[in-house]
Amino acid sequence: MSRVIRANEVAARAKLAQLTQEHRDLDAAIDAMVATGNPDPLALSRLKKRKLQLKDEITEIRNGLLPDIIA
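Scoring rules and cut-offs
Residues numbered from 1 in each chain as written. Predicted model: local features only at pLDDT ≥ 70, side-chain atom pairs only at ≥ 80, totals over all residues. Heavy atoms only, no water. Core = buried A, V, L, I, M, F, W, Y, C linked by side-chain atoms within 4.5 Å. Buried < 20%, exposed > 50% of the residue type's maximum accessible area, 1.4 Å probe, protein only. Helix = DSSP H or I, 4+ residues; strand = E, 2+ residues; numbered from the N terminus. Contact = heavy atoms within 4.5 Å. Axes fitted to C-alpha atoms, helices over the stretch in contact; angles between N-to-C directions. Parallel < 35°, antiparallel > 145°, perpendicular 65-115°, else oblique. Left-handed = near helix turned anticlockwise from the far one by under 90°. Nonpolar A, V, L, I, M, F, W, Y, C, P; charged D, E, K, R; others polar. Expected span 1.5 Å × (residues − 1).

## Observations concerning the nonpolar core
General note: in soluble globular proteins, nonpolar side chains tend to be found buried as a group.
Now for step 1: Within the largest apolar cluster, nine residues are counted, these being Leu16, Leu19, Leu26, Ile30, Leu44, Leu47, Leu54, Ile58 and Ile61.
Now for step 2: Where this core is concerned, the elements lending two or more residues are α1 (3-35) and α2 (41-65).
Now for step 3: Ranked by residue count, the leading element in this core is α2, at five residues.
Now for step 4: Setting aside residues no more than four positions away along its own chain, Leu47 makes contact with Leu26, Ala29, Ile30 and Met33.

## Some words on the packing of α1 against α2
To characterise two packed helices, one gives the angle between the axes of the helices and the distance between these axes.
Now for step 1: Following both chains from N to C, one finds α1 and α2 inclined at 155°, their axes separated by 9 Å at the closest point. Classified by the angle between their axes, α1 and α2 sit roughly antiparallel to one another. Judged by the sense of rotation from one axis to the other, the crossing of α1 with α2 is left-handed.
Now for step 2: Residue composition of the contact of α1 with α2, by class: 15 nonpolar, two polar and 11 charged.

## A short note on α1
For an α-helix the count is 3.6 residues per turn, leaving residues at separations of three or four pointing the same way.
Now for step 1: With 33 residues, α1 ought to run about 48 Å at 1.5 Å a step, and its terminal C-alpha atoms sit 48 Å apart, in line with that.
Now for step 2: For α1, every residue scored as buried is listed here: Leu16, Leu19, Thr20, Leu26 and Ile30.
Now for step 3: Packing partners of the buried residues in α1 comprise α2.
Now for step 4: Just beyond α1, the residue with positive phi is Gly37, at close to 90°.

Pasting the structure below:
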């Protein structure tokens, strides 16, 4: 494996870890907001939208890290 490919994989895995942590943090923030009993609908909507964006980015990176297997 070339160094460039290896460096790209390491960078992708680091970005994946960062995005996954941010996704977990948003999940906790959403849960805390809902637990207050009277969450701000606009703020809650923005957090949920960002969480979905993160999920899409995480999926894209994971798909890029998986080897192409031709059956």
